[in-house]
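Residues per chain, in single letters:
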Amino acid sequence: MSRVQTITVAAGDGDQRLDRWFKRQFPHIPQGRIDKMCRKGEIRVDGGRVKGATRVEEGQEIRIPPLPDSAAPKPTSKGISEADAKMIRGCVIYRDDDVIALNKPPGLAVQGGSGMGERHVDALSEALMFDYDERPRLVHRIDKDTSGVLLLARTRAAAKTLTANFRHRETRKIYWAAVAGVPHPRDGTIKFGLVKAGGHGARGEGEKMVAVHPRDIDDTPGAKRATTDYATLEVAGSRTAWMALIPVTGRTHQLRAHMAEIGHPIVGDGKYGGSSQENLGDGWGAQLGGEISKKLHLHARSLKIEHPVTRAILNLTAPLPDHMARTWDTFQWQPSDVPADPFEEEWG
């Protein structure tokens, strides 16, 4: 075991998640151990408690608790199977010297963590190095069960710029969803705040976001303001609607919690919409029954963002996953019939 030590974040190592920085310094320490040390306050940045997702900056001092020697037995690495390497490479929808964009399949986590296992985009990114010496870096996340556009940076400089670019107003993320029933009005903005409610498991499993009325946000501990723009693209009677959604803010499960709060949960969302099969459009429940898949119908359809080097505008679009494509076929909804950005073009 090592002793307690303090390491200063070196030049060029800033502006990245603490857990990513830690793994590069101590590759033999598993993600679960890093998360546990953060929860217990054993890892600290400039004397303060942190989470694995906390971003570290150049010059900050990081307290490292006693760690097992690198020569100690490590978890056996099975590497990336040929099938997984082929799968993740098949997800690439755009690639240049600085950026890789994936159409992430539903069910594949972006990053490891409690209950996420070892098979996730971050772990599989080794298969996306192509002719580079380093793995591409994550610069944003989408939920495990959500499919669609996921951007990775191929260099540290590109990662830093892209992370900043995600905060620009010009950046545009549009999601497609099928929801239970038809919202009224058909276009609008949702401004309910969100606060995390702990789950019932031993480690907080099952936690979810709870909506808070805008007037109560400031008086609700832990609540954060959240804004979602929505537009109805097509409907199937009163049973279901094809929605375009923009998360103006980027809170955990924001789109899912917001749509459920206005009475139109996303199809397949058992966490926020219940598991009822009897939804004819005016009832609660996120399952439509029949031949409609029980999987979550939420897809990161497009991303418009400034390129980190050329400054040209990247317009990335991801085809629907199979289960959503089948639902679209069932309701005879055609992606070619709607504008790429219904929030900018006159629609409806």
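If you check an unreviewed UniProt entry, the protein chain appears there as Pseudouridine synthase from Sulfitobacter albidus. What the UniProt record of the protein chain gives under Function (unreviewed entry) is the line "Responsible for synthesis of pseudouridine from uracil." For the protein chain, the Sequence similarities (unreviewed entry) comment in UniProt is given as "Belongs to the pseudouridine synthase RluA family."

*Asks:* Report on the packing of aromatic side chains, specifying residues and quantitative values.
*Replies:* Applying the stated criterion to the full structure yields seven aromatic pairs. Plain terms: the ring middles of F22 and F26 are 5.0 Å apart, the flat faces sit at 45 degrees to each other, and that makes the pair tilted. Like F22, the residue F26 is buried in the burial classification. For R154, the ring lying beneath its charged end belongs to Y132, and the centroid distance is 3.8 Å. Over the face of the ring belonging to Y272 we find K208, whose NZ or CZ atom lies 5.0 Å from the ring centre.

*Asks:* An account of the environment of T327 is requested, with residue identities and associated values reported.
*Replies:* Inspection of the secondary structure puts T327 in helix α8 (residues 322–330). Setting aside residues no more than four positions away along its own chain, T327 makes contact with I292, S293 and H297. A distance of 2.8 Å separates the side chain of T327 from the side chain of H297, its partner in a polar contact.

*Asks:* Outline the pattern of salt bridges, supporting the account with residue identities and numerical values.
*Replies:* Per the counting criterion, the structure on display carries 14 salt bridges. When the shortest N-O distance is used, the salt bridge between E42 and K40 registers 3.5 Å. For E42, a relative accessible area of 25% gives the class partly exposed. Between R154 and D131 there is a salt bridge whose closest N-O contact spans 3.4 Å. Of this pair, R154 sits in the loop between β10 (147–153) and α5 (156–165) while D131 sits in the loop between α4 (121–124) and β9 (137–138); the two residues are 23 residues apart in sequence, bridging distant segments of the chain. The class of R154 is buried, set by a relative accessible area of 5%. Each member of the salt-bridge network shares a partner with another, and the members are D143, R256 and D269.

The rules behind these values
Residues numbered from 1 in each chain as written. Predicted model: local features only at pLDDT ≥ 70, side-chain atom pairs only at ≥ 80, totals over all residues. Heavy atoms only, no water. UniProt positions renumbered as here; feature names shortened; annotations may be inferred. Phe/Tyr/Trp six-rings, centres within 6.5 Å; stacked < 30°, edge-to-face > 60°. Buried < 20%, exposed > 50% of the residue type's maximum accessible area, 1.4 Å probe, protein only. Lys NZ or Arg CZ within 6 Å of the ring centre and 35° of its normal. Helix = DSSP H or I, 4+ residues; strand = E, 2+ residues; numbered from the N terminus. Contact = heavy atoms within 4.5 Å. Polar contact = N/O pair within 3.5 Å; in protein donor to acceptor, adjacent residues only side chain to side chain. Salt bridge = Lys/Arg side-chain N within 4 Å of Asp/Glu carboxyl O.

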